[in-house]
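Summary of the model geometry
Read off the chains here:
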Amino acid sequence: MTTRVLECRECKKRYGTEFRYVCDECFGPLDVRYEGLPRLGPETFEGREHTYWRYRELLPVEDASHIISIGAGMTPLIKADALAERLGLRNVYIKNDSVNPTFSFKDRPAGVAVSKAKEFGMSRVGCASTGNLASATAAHAARGGLPCHIFAPSNIEMAKIAQALSYGADYISVDGTYDDANRIAAQAGDRLGIGVVNINMRSYYVEGSKTLAYEVAEQLGWSVPDNLIVPVGSGAMLNAICKGFEELESASLVPGGDVRDMRMHAAQPTGCAPVVDAFANNRDIVAPVESPDTIAKSLAIGDPGDGRYVLKRLKQYDGTAVETSDDEIIDAILLLARTEGIFTEPAGGVAVATLQKMAEQKTIDPGDSVVCYVTGNGLKATEAVMRSLRKPETVKADAQAIIAEVAGR
Ligand SMILES: *Cc1c(COP(=O)(O)O)cnc(C)c1O
Ligand SMILES: [Zn+2]
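The structure reproduced in this document is the subject of the present report. Note that the structure is a prediction, hence the values are computed from the model and not measured.

Rules and cut-offs
- Residues numbered from 1 in each chain as written.
- Chains lettered and ligands numbered in written order.
- Predicted model: local features only at pLDDT ≥ 70, side-chain atom pairs only at ≥ 80, totals over all residues.
- Heavy atoms only, no water.
- Near = heavy atom within 4 Å.
- Polar contact = N/O pair within 3.5 Å; in protein donor to acceptor, adjacent residues only side chain to side chain.
- Nonpolar A, V, L, I, M, F, W, Y, C, P; charged D, E, K, R; others polar.
- Helix = DSSP H or I, 4+ residues; strand = E, 2+ residues; numbered from the N terminus.
- Buried < 20%, exposed > 50% of the residue type's maximum accessible area, 1.4 Å probe, protein only.
- Phe/Tyr/Trp six-rings, centres within 6.5 Å; stacked < 30°, edge-to-face > 60°.
- Lys NZ or Arg CZ within 6 Å of the ring centre and 35° of its normal.
- Contact = heavy atoms within 4.5 Å.
- Donors = N, O, S within 2.8 Å, 3.2 Å for Na, K, Ca; no water.
- Tetrahedral: all angles 85-135°; square planar, octahedral: opposite > 155°, others 65-115°.
- Core = buried A, V, L, I, M, F, W, Y, C linked by side-chain atoms within 4.5 Å.
- Axes fitted to C-alpha atoms, helices over the stretch in contact; angles between N-to-C directions.
- Parallel < 35°, antiparallel > 145°, perpendicular 65-115°, else oblique.
- Left-handed = near helix turned anticlockwise from the far one by under 90°.

Re the site of ligand 1
Neighbouring residues of ligand 1: 15 residues in total, closest Lys 106, Asn 132, Ser 234, Gly 235 and Thr 375. Gly 233 places a main-chain nitrogen or oxygen 2.9 Å from an oxygen atom of ligand 1. The separation between a nitrogen atom of ligand 1 and a polar side-chain atom of Thr 375 is 2.7 Å. Of the residues contributing to the shell around ligand 1, the split by class is 6 nonpolar, 7 polar and 2 charged.

A few points about unusual backbone geometry
Even without being a glycine, Asp 318 presents a positive backbone phi close to 50 degrees. Inspection of the secondary structure puts Asp 318 in the loop between helix 12 (307-316) and strand 12 (321-324). On the basis of relative accessible area, Asp 318 is assigned to the exposed category, the value being 51%. If you check the backbone angles, Lys 362 has positive phi at about 55 degrees while not being a glycine. Position of Lys 362 among the secondary structure elements: in the loop between helix 14 (346-360) and strand 13 (369-374). For Lys 362, a relative accessible area of 68% translates into the label exposed.

A closer look at the packing of aromatic side chains
Going through the model one piece at a time under the given rule, you end up with 6 aromatic pairs. On the numbers, 5.4 Å between centres and 40 degrees between planes, the contact of Tyr 52 with Trp 53 is tilted. Trp 53 carries the same exposure label as Tyr 52, and that label is buried. One aromatic cluster is present, built from ring pairs that chain together Phe 45, Tyr 55, Tyr 214 and Trp 222. If you follow Arg 9 out to its NZ or CZ, it ends over the ring of Tyr 309, 4.4 Å from the centre. Cation over ring: Arg 308 sits above Tyr 309, and NZ or CZ is 4.9 Å from the ring centre.

So, the side chain of Thr 211
You can see Thr 211 is positioned in helix 8 (residues 211-219). Excluding residues within four positions of it along the chain, Thr 211 makes contact with Tyr 52, Tyr 55, Leu 59 and Arg 108.

Things to note about the coordination of the zinc ion (ligand 2)
Put simply, a metal with four donors set out as a tetrahedron has ideal angles of 109.5 degrees, and one with six donors set out as an octahedron has ideal angles of 90 or 180 degrees. Around the zinc ion (ligand 2), the protein contributes the donor atoms Cys 8 (SG), Cys 11 (SG), Cys 23 (SG) and Cys 26 (SG), which lie 2.3 Å from the metal centre. Coordination at the zinc ion (ligand 2) comes from 4 donor atoms whose angles at the metal span 95 to 120 degrees, giving a geometry best classed as tetrahedral. All donors of the zinc ion (ligand 2) belong to a single chain; written as a sequence motif, their spacing is C-x2-C-x11-C-x2-C. By relative accessible area, which is 37% here, Cys 11 ends up partly exposed.

What about the nonpolar core?
Ranked by size, the top nonpolar core spans 44 residues in total, and within it Leu 238, Ile 241, Phe 245, Met 264 and Tyr 373 carry the most contacts. Listing elements by their share of this core, those giving two or more residues are helix 8, strand 10 (227-231), helix 9 (236-250), strand 11 (263-269), helix 11 (274-280), helix 12 and strand 13. Of the residues forming this core, the biggest block, 6 residues, is contributed by helix 9. If we skip the residues at most four places from it in the chain, Tyr 373 touches Lys 95, Leu 212, Ala 213, Val 216, Leu 228, Ile 229, Val 230, Pro 231, Ile 241, Phe 245 and Ala 351. Counting residues in hydrophobic clusters, the runner-up holds 36 residues, among them Tyr 15, Val 32, Ala 113 and Ile 156.

Points about the packing of helix 8 against helix 9
Geometry of a packed helix pair, given as the angle between the helix axes and the separation of the axes. At a minimum axis separation of 7 Å, helix 8 and helix 9 run at an interaxial angle of 50 degrees. Taken together, the axes of helix 8 and helix 9 lie oblique to each other. Crossing hand, helix 8 versus helix 9: right-handed. Contacts from Leu 212, Ala 213, Tyr 214, Val 216 and Ala 217 in helix 8 reach Met 237, Ile 241, Gly 244, Phe 245, Glu 247 and Leu 248 in helix 9.

Honestly, that's just the spatial picture; any functional story needs more than this.
Below, the structure is given as structure tokens:
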């Protein structure tokens, strides 16, 4: 029988899988550990549902009747040969998480955290969001019949607000930064008993994100890529992907030693790059950015909760941290769209722009495999790309004239 426990990331004190998210000894974050796992092999997962719940032995929900699924996960891993050729690389893969049910990777952490909140018997859920988590939490809450409270900065994209409101969420638009909204959500969670997925449910939330490692390994025939490029906001996803690969190694699902050899790279936008800044200056602590200013609004987290753990991971996995400008991000969005037919929002553009920069600077060996995580959908942030695209002029519905015009193009 599998036993799930919470373990402090700092002092290693252990707790049951209860409603608790910081260590009462040292205030460190708590991670879920799995003990007494049954033997898992590739065949364990064959024929299972095409969602991340196929890895249920390694997820923190005890009773399957508490699972709230909207069908997220098992998104395509695309061998991106046209993109690779443009960059002078040979083994590029895009993990296209922009095609999840709410169109971002946040369906992974939100789905697991909302399910766990239901298992705890909590009567409502919520989140602090830079945009995508709002919809992911609201959609899972709707499916699970739980009220949902969103706390978000007021400057996020209209499409993201419309989407979250459509799922019926109570939406609090805060005149401030994400960090302000996050602080308020933390207090509201404590006072009102809300299961705030990214705060008081965080230990369970990250368990959803780690399925980004499981799927990539499975889709590569249970192997580990040489390089991973991950966009970083709070840093929870990057940490979770490392945890996911480590668990696969412990369970002997991937060859021993390969996880130790993988390289993990962090991607941030120039207008909000506190992790890149700390990495470049060889600091262990991340100095917050007061007022983030970037088109990559999903990554506009000035004070990343898991920033210092990202720095540790980059050291552990021989990685780099790269920042890219708004113009580079837009160029990368268009490059990905025009080579691979994948339309991503700026956060995914940051990952692709980082790949491009690393290829140019030859910090990736051209033959090595790279998985680039494309985490959100372009339809959620069309304002960003329209800056560099021209809105087509409307012409008269005159076939002859149009054909003559198109023939000359
Ligand atoms: C939230 C988000 C990220 C960053 O994830 P963190 O876990 O906060 O680092 C990246 N991409 C998209 C599209 C997001 O919505
Ligand atoms: Zn502790």
